[in-house]
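Coordinates in review
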Amino acid sequence: MLPRLDATNEFFWTSGADGVLRLQRCGACRRYAHPPVPRCPYCLEDALAPEAVSGRGRLHSFTVNHQQWIPGSDHYVVGLVTLEEQHDVRLMTNIVDCAEEDLAVDMAVEVVFEPVEDVWLPLFKPART
Amino acid sequence: MAELLERRAVISGIGQSAVGRRLGRTDLDLTVEAALAAIADAGLHRDDIDGLATYPGGGMGGAAFAGPTSPDVQDALRLRLNWHDGGGEGPGQIRAVFAACLAVAAGLARHVLVYRTVTESTSQGAGGRQGIAGAIGEGRGVPRFGGSFQWMLPYGAVSAANWLALVAQRRVHDYGLRRDQLAQIALNGRRNAALNPNAVYREPLSLEDYLGARMITTPLCLYDCDAPCDGSTAVIVSHVDYAPDAPKPACHVHAIGTALRGRPSWDQFDDMTTMSARDAAASMWARADLGPQDVDVAQLYDGFSILTMVWLEELGFCAKGESGAFVEGGSRIARSGSLPLNTSGGQLSGGRLHGFGLLHEACVQLRGEGGDRQVTGDPEVAVVANGGGPIAGSMLLTRGVG
């Protein structure tokens, strides 16, 4: 299952092509807006543009999925990551390269990208120390 | 405060179809059964019904989730309507009841048939739980999603179980929630279901059974997730003027909770440990002359056990983060406890009648029609909560004028 690209979300889902995560940021109030929208939802100025972010954040919560919702799917970890730049921006994602017993709420994580067809899915792994 | 218009409404009749697993009957068939039962229960005739509402009806999820459309039901009963409504957006499944209350208060209708019908058990057949992916359908390459689903489905977060497991895990971290505490919602439901002939799971369930059950998505196990079923629930929302003429005690609507102040999102809500139950509950109490201490019986949404825990806190039965201690051991929430909870078995054991089963049971208890499962003390005030995550609504019902 993949996102359907449109004029508003395409930058986000293809941002990983150069290995960098980008979010919309308002040129007027300087807040990040996510998910992408046509106009800044905070100050309502028409000043949003994609901007590179660090790709670092904290694991706000996680769940290890056991149920085979989709034939052939295996255990995987769904994570909810709060980004370093603005703590009310969260990304639902998969946590990779992490043993299940090492998962911990608030652990530091960083982005990696998984290319699938025409999108680059942002995933997160434990941050390098 | 201005007059609270929902108090011009009562629930004058209730009805329920057969409820079960894989009944193999159509959604319209079940709905007509429930509707006719509710109309008769209210002491009315089909021709008295001049309003119709449902959640969600057409256009949301698969047909087995949505139930028949309101036009289908209108036509099946040849209703002549002054007001009609259906939809999936609003303060929880119970939004259809809220809409009916306001229609009655506004004089748009006098007796509104409100129904919620599911045939998810028959639809799923032997395939088991599939989450959103199953509801939407597969088989035409990799499906593409826009809207809010695009932020979750690509990661295998395809079920509300996954989304709410994130709420539960955060609560484990913030409040030290334990599985043996969470288990009490499921165990309490099962004890009550044993006394409900319509419940889908009635055999005893022990704490050991719970702790040994397979995980669905940590920390939620099989018994934390409700059971898909087939069934229809209908209520008649009437103008309060009708209450003296109703053959059964009318359940008066005292206050409804409809607010959604946080972001309407499974992942961006400001407080992931509560989400919109917080806003719905606060707005309900702001309209009420009663408080949590006045509630005699609680029917709190348990599509997932963690949601019931959130509602217990947000409705003020205990402080935030303390629902684990509140339910520990199960005695407080038992039928004989200080807050009898989900007395028909809830959705975990009674079946996923999707909010309306809880509403039905609130009326049963206020009328004293619970039979073996009737709570003692002649309950006068019931609270009903529907939904969770970014979708929530609640209401206070009283026997007699609030």
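Residues numbered from 1 in each chain as written. Chains lettered and ligands numbered in written order. Predicted model: local features only at pLDDT ≥ 70, side-chain atom pairs only at ≥ 80, totals over all residues.

**Remarks on the sheet that holds strand β1 (residues 9–16) of chain B**
Residue and element names in this part refer to chain B. Quick note on the threshold: Should DSSP find at least two bridges between two strands, the strands are taken to pair. Numbered from the N terminus, helices here are DSSP runs of H or I no shorter than four residues, and strands are runs of E no shorter than two. Inter-axis angles, ranging from 0 to 180 degrees, are taken between N-to-C directions of lines fitted to C-alpha atoms, where helices are fitted over the stretch in contact. By the convention adopted here, residues make contact when the C-beta atoms placed from their backbones lie within 7 Å.
Spatially, the nine strands line up as an open sheet ordered β3-β2-β4-β8-β1-β9-β12-β11-β10, and their pairing is mixed. A single partner strand is all that each edge strand has here, and the edge strands are β3 (83–86) and β10 (297–300). If you compare each strand with its neighbour and ignore which way they point, the axes differ by 25 degrees on average. Examined bridge by bridge, β10 and strand β11 (residues 381–388) share four bridges and lie parallel to one another. For Gln299, the partnering residue across the bridge sits in β11 and is Val384. In this fold helix α4 (residues 95–105) packs onto β1, β2 (51–54), β3, β4 (111–119), β8 (230–239), β9 (251–257) and β12 (391–399), with an angle of close to 20 degrees to the strand it touches most, β8. Contacting β1, β4, β8, β9, β10, β11 and β12, helix α14 (residues 356–367) crosses the sheet at an angle of about 175 degrees to β11.

**What about the packing of helix α8 (residues 179–193) of chain B against helix α11 (residues 305–314) of chain B?**
Angle between the axes and distance between the axes: these two values describe a pair of packed helices. Residue and element names in this part refer to chain B. Here is the rule: Our angle categories are set so that under 35 degrees counts as roughly parallel, over 145 as roughly antiparallel, 65 to 115 as roughly perpendicular, and the remainder as oblique.
Two elements in contact, α8 and α11, have axes separated by 9 Å at closest approach and are oriented at 100 degrees. Viewed along their axes, α8 and α11 adopt a mutual orientation that is roughly perpendicular. Along the contact surface, α8 presents Leu182, Ile185 and Ala186, while α11 presents Ser305, Ile306, Thr308 and Met309.

**Quick word on the sheet that holds strand β2 (residues 22–26) of chain A**
Residues and elements named next belong to chain A. Taking strand neighbours across the sheet as the criterion, the three strands line up as β3-β2-β4 in an open arrangement whose pairing is antiparallel. Each edge of the open sheet is held by one strand with a lone partner, namely β3 (32–33) and β4 (48–52). The pairing of β2 with β3 spans two bridges and is classified as antiparallel. When the sheet's bridge partners are listed, Arg25 is paired in β3 with Tyr32.

**Brief notes about the interface of chain B and chain A**
This is how it is decided: Only Asp, Glu, Lys and Arg are considered charged in this grouping, and only Ala, Val, Leu, Ile, Met, Phe, Trp, Tyr, Cys and Pro are considered nonpolar; every other residue, Gly among them, is considered polar.
Each side of the interface is counted separately: chain B has 34 residues, and chain A has 27 residues. Those elements that place two or more of their residues in the side of chain B that touches chain A are α6 (131–136), β5 (144–145), α7 (160–175) and β6 (215–217) of chain B. A total of six residues in the side of chain B that touches chain A trace back to one element, the largest contributor, which is α7 of chain B. For the side of chain B that touches chain A, the class distribution of residues is 16 nonpolar, twelve polar and six charged. Judged from the two bridges that link them, strand β1 (residues 2–3) of chain A and β5 of chain B form a sheet pairing that is parallel. Residue pairing across strands places Pro3 of chain A opposite Phe145 of chain B, the latter belonging to β5 of chain B.

**Some thoughts on the nonpolar core**
All names here are of chain B. Defined as follows: By our criterion, buried Ala, Val, Leu, Ile, Met, Phe, Trp, Tyr and Cys residues that link up through C-beta atoms within 7 Å make up a nonpolar core. Three classes are used. A residue is buried when 20 or more other C-beta atoms lie within 10 Å of its own, exposed when 12 or fewer do, and partly exposed in between, with C-beta atoms placed from the backbone.
Formed by 143 residues in total, the largest nonpolar core has its most connected members in Ala100, Val112, Leu113, Val114 and Val237. The greatest single-element share of this core, amounting to nine residues, is contributed by α4. Sequence-distant contacts of Val237, defined by excluding residues within four places in its chain, comprise Ala9, Ile11, Val97, Ala100, Cys101, Val104, Val112 and Val114.

**Side note on helix α10 (residues 277–286) of chain B**
Counting buried positions along α10 of chain B gives seven out of ten residues, so the element sits mostly inside the fold. Buried within α10 of chain B are the following residues: Ala277, Arg278, Asp279, Ala280, Ala281, Ser283 and Met284 of chain B.

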